[in-house]
Amino acid sequence: MAAVWKSVFATLVLLFAAVSGSGHEKSGVRVSHKVNADLNEERVDKVMQFAVSQHNKVSHDDYFHRMSKVISAQLQVVSGLKYFVTAEMSQTSCKKGETEGLENCAFYQNPKAKTYTCTFEIWSRPWIKDTQLLKNECA
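About the thresholds
- Residues numbered from 1 in each chain as written.
- Predicted model: local features only at pLDDT ≥ 70, side-chain atom pairs only at ≥ 80, totals over all residues.
- Heavy atoms only, no water.
- Core = buried A, V, L, I, M, F, W, Y, C linked by side-chain atoms within 4.5 Å.
- Buried < 20%, exposed > 50% of the residue type's maximum accessible area, 1.4 Å probe, protein only.
- Helix = DSSP H or I, 4+ residues; strand = E, 2+ residues; numbered from the N terminus.
- Contact = heavy atoms within 4.5 Å.
- Expected span 1.5 Å × (residues − 1).
- Disulfide = S-S within 2.5 Å.
- 1 Å grid on protein atoms, 1.4 Å probe; cavity = no way out; pocket = protein on both sides within 12 Å on 5 of 7 lines; lining within 4 Å.
- Points joined across faces, edges and corners; volume = space filled by probe spheres on them.
- Nonpolar A, V, L, I, M, F, W, Y, C, P; charged D, E, K, R; others polar.
- Polar contact = N/O pair within 3.5 Å; in protein donor to acceptor, adjacent residues only side chain to side chain.
- Pairing = 2+ DSSP bridges.
- Axes fitted to C-alpha atoms, helices over the stretch in contact; angles between N-to-C directions.

K.L.:
When you look at the nonpolar core in this model, what are you seeing that I'm missing?
P.N.:
Taken as a class, soluble globular proteins show a tendency for nonpolar side chains to be buried jointly. Counting residues in each nonpolar core, the largest one holds 19 residues, and the members touching the most others are Met67, Tyr83, Val85, Met89, Phe120 and Ile122. Contributing elements (two or more residues each) for this core: helix H2 (42-58), strand S2 (63-78), strand S3 (80-95) and strand S4 (115-125). Each residue touching Tyr83, except ones within four places of it in the same chain, is listed here: Arg43, Val44, Val47, Gln74, Leu75, Phe120, Glu121, Ile122 and Ser124.

This is how it looks when you write it as structure tokens:
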């Protein structure tokens, strides 16, 4: 329960900073302005895990993939927090249907293993426990 309140508090602080900053042109903070996300923050990690989970659900590959490299991660204060993540996705050695989670899945050590770049857009409203993957584009 404490983690939920921390998340709500952090979101409210961001919303307040963005709204109050919009009256101060020198601060450069606006409600619609994207800023770099801190990859060490727990909530950033959680939304990236959510994106990977959703990606694996809709991919037609027999193996799970996970982020091998985060190329960029930004967030934007909207009616919630919108995250924009571009990451390199690499195939793991874990086959779908045979493994529960990705935490113990090593990257597949084969030159033919699939690696590609994905762009994710995630909308999070932690105060109502709602997270949605709005964009999942890979090339």
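Here the narrative resumes, following the displayed structure.
K.L.:
I would appreciate a short explanation of the environment of Glu137 in the present structure.
P.N.:
When you line up the elements, Glu137 lands in strand S5 (residues 130-138). Taking the relative accessible area as the measure of exposure, Glu137 reaches 48% and is therefore partly exposed. Between the C-alpha atom of Glu137 and that of Thr119, which follows or precedes it by 18 residues, the distance is 5.2 Å. With residues near it in sequence (within four places) discarded, Glu137 still touches Thr117, Cys118 and Thr119.

K.L.:
Hey, could you run me through H2 in this one?
P.N.:
Residues spaced three or four apart along an α-helix point in a common direction, a consequence of the helix completing one turn every 3.6 residues. With 17 residues, H2 should reach 24 Å at 1.5 Å per residue; the first-to-last C-alpha distance of 25 Å fits that figure. Here H2 has its buried residues at Arg43, Val44, Val47, Met48, Ala51, Val52, His55 and Asn56.

K.L.:
For this particular structure, what's the right way to read the state of the cysteines?
P.N.:
Should the sulfur atoms of two cysteines be covalently bonded, the bond is a disulfide. Throughout the structure, instances matching the rule amount to two disulfides. The residue that forms a disulfide with Cys94 is Cys105, at a sulfur-sulfur distance of 2.1 Å. Around the S-S axis, the bridge from Cys94 to Cys105 shows a dihedral of about -110 degrees and counts as left-handed. Taken together, the residues Cys94 in strand S3 and Cys105 in the loop between S3 and S4 connect sequence positions 11 residues apart. The same class applies to Cys94 and to Cys105, which are both buried. The partner cysteine of Cys118 in its disulfide is Cys138, sulfur to sulfur 2.0 Å. An S-S torsion of about 105 degrees defines the bridge between Cys118 and Cys138 as right-handed. Placement of the pair is Cys118 in strand S4 and Cys138 in strand S5, with a sequence separation of 20 residues. Owing to a relative accessible area of 37%, Cys138 belongs among the partly exposed residues under this scheme. Here the bonded cysteines of the protein chain are numbered in sequence order, and their pairing is 1-2, 3-4.

K.L.:
Can you help me understand the layout of surface pockets in this one?
P.N.:
One way to see where empty space is left: roll a probe the size of a water molecule over the atoms. Size it by volume and the second largest pocket reaches roughly 310 Å³. The wall of the second largest pocket is formed by Asp45, Met48, Gln49, Val52, Ser53, Arg66, Met67, Val70, Gly101, Leu102 and Glu103. In terms of residues, the lining of the second largest pocket owes the most to one element, H2, which gives five residues. Class assignment for the residues of the lining of the second largest pocket results in five nonpolar, three polar and three charged.

K.L.:
Looking at this structure, I do not really get the side chain of Ser59. What am I missing?
P.N.:
Among the secondary structure elements, Ser59 is positioned in the loop between H2 and S2. At 2.7 Å, the side chain of Ser59 forms a polar contact with the side chain of Lys96.

K.L.:
Would you take a moment to explain the sheet that holds S4 for this structure?
P.N.:
Strand pairing in a sheet relies on backbone hydrogen bonds, with the paired strands running either antiparallel or parallel. Pairing is antiparallel in the open sheet, where five strands are placed in the order S1-S2-S3-S4-S5. The sheet is open, and its two borders are formed by strand S1 (34-36) and S5, each paired with just one other strand. Recorded for the sheet is a direction-independent mean angle of 30 degrees between the axes of neighbouring strands. Alignment of S4 against S5, held across eight bridges, turns out to be antiparallel. Across the sheet, residue Glu121 finds its bridge partner in S5, namely Lys135.

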